[in-house]
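Survey of secondary and tertiary structure
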Amino acid sequence: MSQHGLGPRQLTVKKAMTKNPKLLLLAGDGIGPEVMNETRRVIQWLSAARGLDFDVDEDLVGGCAFDAHGHPAPPAVIAKALAADAVLLGAVGGPKWAGVDYARRPEQGLLDLRKKLGLFANLRPALCFDALKDASSLKPDVVSGLDILIVRELIGGIYFGEPAGIEDLGGGQRRGVNTQVYTTEEIHRVARVAFDLAGKRDGRLTSVDKANVMVSGLLWREEVQKIGNKEYPDIQLDHMYADNCAMQLVRAPKQFDVIVTDNLFGDLLSDAAAMLTGSLGMLPSASLGARDESGRAHALYEPVHGSAPDIAGTGKANPIAMILSFVMALRYSFDRAVDADLIDKAVHNVLAQGLRTGDIAGGGETPLSTAAMGDAILSEMEALN
Ligand code: IPM
Ligand code: MG
């Protein structure tokens, strides 16, 4: 499946005795496999050029897993994900599975993985690369230098709340129900992640809710404030309603440092924030669980973009979000900041040279293919090494 002769097999075989970190690659559907191909090359380069060896395994998730096994996240895949030090996921879903029962949809596979790995904190940085400030739909001065981080609660709220379902009321009437629900503990643990991250950045946190109409939002606001008062007196905390936040994100996005919010608002606001940067094809994300006594936490890294079925298989996809997701894994799961910085720098340099895939190319530029972008990043990494 690789255009570069690097099948998954060559990477999986590592001496059984070594304690290499375990990486599970789940390329998924649509453009997932294409962007994962380029990331696999980056992983292999780290082994060859910098002696960083992973035990890499691969499996199916999403629609492709449903096609092969009748389930979008088969138990064997969940077991592998639980055993891995980090999971890299491409994308799931597509029109092919639109008619599939809800419980077996590709998206459900992703939700299952998040839930079963306990990945309650989803980090979505929105960073505007200087070379791309003209690719944003907003004016360059509104987005230039933008660097914000959305922390989205990922395994609670209306995505998972009970009751949920469609009820037949008879007489042609039906009733659809989802439930927004949060407990103190669910709010506290994601708030702490956000406060900690704000402490490593500009020291400012905005908590987003709809406390004006939802009691669950009122609880959210009160509990985040409590954690702030008790544990993080040095972080500047403020609160904002979600609708206002959506507006502020497109009006003056640089006012934010870290935003913490619930599952649904986080889903919406992170798409909006992503687009500020010029392209969804650029943005990585990390989903983290709680640390155990040994300091180990489950973690899944994936691009914010979806499976883009309209361009799947055409070699047009931008592999940068996937590669930067792996860079986040190097930082958060593997403590390899130097390698992470090198790859980040390579991506910056490639963009500064004017190299672009179709999603970020301007009118006059000839877009690079997915693999050609991979080539450019790899040769820049080589030059920086
Ligand atoms: C995201 C996606 C997912 C979500 C879908 C694919 C289930 O939109 O990661 O933002 O809604 O969480
Ligand atoms: Mg989304």
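Residues numbered from 1 in each chain as written. Chains lettered and ligands numbered in written order. Predicted model: local features only at pLDDT ≥ 70, side-chain atom pairs only at ≥ 80, totals over all residues. Heavy atoms only, no water.

With that settled, the discussion passes to the side chain of Glu58. In this structure, Glu58 sits in strand 2 (residues 55-59). A polar contact is formed between the side chain of Glu58 and the side chain of Arg40, at a distance of 2.7 Å. (Helix = DSSP H or I, 4+ residues; strand = E, 2+ residues; numbered from the N terminus. Polar contact = N/O pair within 3.5 Å; in protein donor to acceptor, adjacent residues only side chain to side chain.)

For the rest of this paragraph, the subject is the pairing of strand 5 (residues 147-153). Successive residues of a regular strand alternate their side chains across the two faces of the sheet. Counted residue by residue, strand 5 has 6 buried out of 7 residues, so it is predominantly covered. Examined bridge by bridge, strand 4 (residues 121-127) and strand 5 share 7 bridges and lie antiparallel to one another. Counterpart to Leu123 in the pairing with strand 5 is Val151. Relative to strand 10 (residues 258-261), strand 5 is paired through 4 bridges, and the arrangement is parallel. Bridge pairing links Arg152 to Thr261 in strand 10. (Buried < 20%, exposed > 50% of the residue type's maximum accessible area, 1.4 Å probe, protein only. Pairing = 2+ DSSP bridges.)

Let's shift gears to the site of ligand 1. Taken together, Glu107, Arg114, Arg124, Arg152, Tyr159 and Asp267 make up the full set of residues near ligand 1. A distance of 2.8 Å separates an oxygen atom of ligand 1 from a polar atom in the side chain of Arg124. Arg152 places a polar side-chain atom, nitrogen or oxygen, 2.8 Å from an oxygen atom of ligand 1. Looking at the shell around ligand 1 residue by residue, the class counts come to 1 nonpolar, no polar and 5 charged. Each of domain 1 (1-125 + 277-385) and domain 2 (147-275) contributes no fewer than three residues to the shell around ligand 1. (Near = heavy atom within 4 Å. Nonpolar A, V, L, I, M, F, W, Y, C, P; charged D, E, K, R; others polar. Domains from an automatic or database assignment.)

Next up on the list: the side chain of Asn263. Relative to the assigned elements, Asn263 resides in helix 10 (residues 263-276). Each residue touching Asn263, except ones within four places of it in the same chain, is listed here: Arg152, Glu153, Leu154, Ile155, Gly156, Tyr159, Phe160 and Tyr182. (Contact = heavy atoms within 4.5 Å.)

Evaluated as defined, the whole model comprises 4 aromatic pairs. Judged by centre distance (5.2 Å) and plane angle (70°), the ring pair of Tyr182 and Trp220 falls under edge-to-face. Of this pair, Tyr182 sits in the loop between strand 7 (173-177) and helix 7 (184-200) while Trp220 sits in helix 8 (residues 215-231), and the two are 38 residues apart along the sequence. Each member of the pair, Tyr182 together with Trp220, is buried. With centroids separated by 4.6 Å and ring planes inclined at 5°, the aromatic side chains of Phe195 and Tyr232 adopt a geometry described as stacked. Residue Phe195 is located in helix 7, and its partner Tyr232 is located in the loop between helix 8 and strand 9 (236-241); the two are separated by 37 residues in the primary sequence. For the residue pair Phe195 and Tyr232, the accessibility class agrees, reading buried in each case. (Phe/Tyr/Trp six-rings, centres within 6.5 Å; stacked < 30°, edge-to-face > 60°.)

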